[in-house]
Amino acid sequence: MNLDHLVDDFNEIFKTKKEVHTFFAPGRVNLIGEHTDYNGGHVFPCALTFGTYAIARKRDDSKIRLFSKNFNDIGIIEVDLCDLVYDKKDDWANYPKGVVKIFKDAGLEIETGFEVLFFGNIPNGAGLSSSASIELATSIVLKDLFNLDIDMIQMVKLSQKSENEFIGVKCGIMDQFAIGMGKKEYAILLDTNTLKYEYVPMKLDGISIVIANTNKRRGLGDSKYNQRRSECESALKVLQEKLDISSLGDLSEERFEENKDFIQNEIHRKRAKHAVYENQRTMKAVKALNDGNIKGFGQLMNGSHISLRDDYEVTGTELDTLVSAAWKNGAIGSRMTGAGFGGCTVSLVYDHERTGFIEKVGKDYEEKIGYKADFYVVSIGDGARQI
Ligand code: GLA
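Conventions used here
Residues numbered from 1 in each chain as written. Predicted model: local features only at pLDDT ≥ 70, side-chain atom pairs only at ≥ 80, totals over all residues. Heavy atoms only, no water. Pairing = 2+ DSSP bridges. Helix = DSSP H or I, 4+ residues; strand = E, 2+ residues; numbered from the N terminus. Axes fitted to C-alpha atoms, helices over the stretch in contact; angles between N-to-C directions. Contact = heavy atoms within 4.5 Å. Salt bridge = Lys/Arg side-chain N within 4 Å of Asp/Glu carboxyl O. Buried < 20%, exposed > 50% of the residue type's maximum accessible area, 1.4 Å probe, protein only.

Observations regarding the sheet that holds strand E10 (residues 344-350)
Working step 1: If you trace the four strands from one edge of the open sheet to the other, you get E9-E10-E8-E11, paired in antiparallel fashion. The open sheet is flanked by strand E9 (333-337) and strand E11 (374-378), the only strands paired with a single partner. Put simply, the sheet's adjacent strands are angled 25° from each other on average, direction ignored.
Working step 2: Relative to E10, strand E8 (residues 207-213) is paired through seven bridges, and the arrangement is antiparallel. When the sheet's bridge partners are listed, alanine 212 is paired in E10 with threonine 345.
Working step 3: Contacting E8, E9 and E10, helix H10 (residues 317-328) crosses the sheet at an angle of about 165° to E9.
Working step 4: Each of E8, E10 and E11 is contacted by helix H11 (residues 354-369), which is oriented at about 155° to E11, the strand it contacts most.

Considering the pattern of salt bridges
Close approach of charged atoms lets side chains of opposite charge pair.
Working step 1: In this structure the tally under the stated criterion is 27 salt bridges.
Working step 2: Of the charged contacts, one joins arginine 65 and glutamate 78 as a salt bridge, the two residues approaching to 3.0 Å between their closest N and O atoms. Taken together, the residues span a long stretch of sequence, with arginine 65 in strand E3 (residues 63-68) and glutamate 78 in strand E4 (residues 77-80) at a distance of 13 residues.
Working step 3: You can call glutamate 78 partly exposed: its relative accessible area is 42%.
Working step 4: For lysine 270, the salt bridge is made with glutamate 313, and the minimal N-O distance between the two is 3.5 Å. Here lysine 270, found in helix H8 (residues 266-290), pairs with glutamate 313, found in the loop between helix H9 (294-310) and H10; they are 43 residues apart in sequence, far enough to count as distant.
Working step 5: Judged by its relative accessible area of 26%, lysine 270 is partly exposed.
Working step 6: A relative accessible area of 34% means that glutamate 313 is categorised as partly exposed.

Rendered as structure tokens:
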């Protein structure tokens with residue numbers, strides 16, 4: 001990415017030649033621990049080297065002017081610092097608007113307006129967190145332009161709050177955390193109950209992380225996401241009548257099996273089963289990795305997909321087709337990643353088999369689904385930062 005070109009674009013679009021500040025926030029991929037972050041469980045994501053660039057400068061008045069090179073046709077979206085409400089027609093710009101509003105509500109002093117040009121090279125709507133990436137990019141822009149006394153974890157929390165309250169998606173903290181706190185060549189084991197975290201080196205000698213995009217548009221995904229969340233909450237409530245637990249993440253597999261029949265609703269029972277087993281699986285996977293047992297890690301990835309397919313029911317034909325093709329064509333492990341209902345899969349593949357793998361999986365997918373998948377061989381990068 002040529003930053004100078006983005007700065008030139010900024011100057012042309014906002015008709016200025018004043019000094020600008022430049023920032024980057026990555027996308028993320030979750031390796032294992034899916035739909036556990038709002039259930040008090042563990043997640044194991046990492047930041048990527050692609051993400052969102054932001055070029056910004058302060059204004060003297062109270063106008064906020066936002067432009068995305070990914071949505072050239074929409075043009076500049078202008079709002080006032082004192083009038084930040086969700087507006088469907090502002091489209092993507094609701095993400096930065098929400099963050100500004102939440103920062104202000106938290107008592108952080110944003111005295112003037114500003115303008116930002118965004119450019120993202122994360123495939124849009126693919127489940128690699130382009131929206132959380134814009135949120136964190138906005139957070140670090142605000143911190144820098146207004147000299148805010150705030151650390152990264154606080155920015156992560158406020159970004160999540162903006163997604164929950166301003167956008168209305170009841171997401172957990174995983175995406176914002178991975179994007180804010182990411183570290184090159186490390187994945188993050190995060191306990192979403194306590195926010196304790198640990199950087200785990202991803203020593204993948206001779207192995208690539210391959211992301212495959214179903215290219216399925218997600219559509220109803222967000223409402224189904226919120227529905228899964230409330231199904232888990234219902235299951236937890238029932239269990240709490242019998243057990244002293246604060247989240248499903250507090251349960252071992254054994255304790256869940258002993259008590260699961262209290263959950264009368266069969267669907268809620270299945271959702272809770274996934275949340276409990278996936279949390280345990282994530283801890284086992286990190287142990288396998290630390291022991292140098294990459295095959296064991298891969299098998300747990302496969303187990304995660306099966307649980308998301310059969311118990312949590314968030315996969316669908318496109319994701320299942322990609323994952324089955326990956327299993328058939330030599331992946332060490334493969335699973336859907338992110339919220340599901342479309343989006344991407346993540347696979348670990350031996351470097352020397354990679355080209356053939358991508359060809360064969362791509363062919364199987366196109367034959368069955370009728371359109372192409374996209375593949376990205378990714379590297380693990382650092383979290384949100386000024387550049
Ligand atoms: C989305 C949410 C995350 C997490 C995942 C599923 O990416 O934003 O908080 O719940 O889905 O693991």
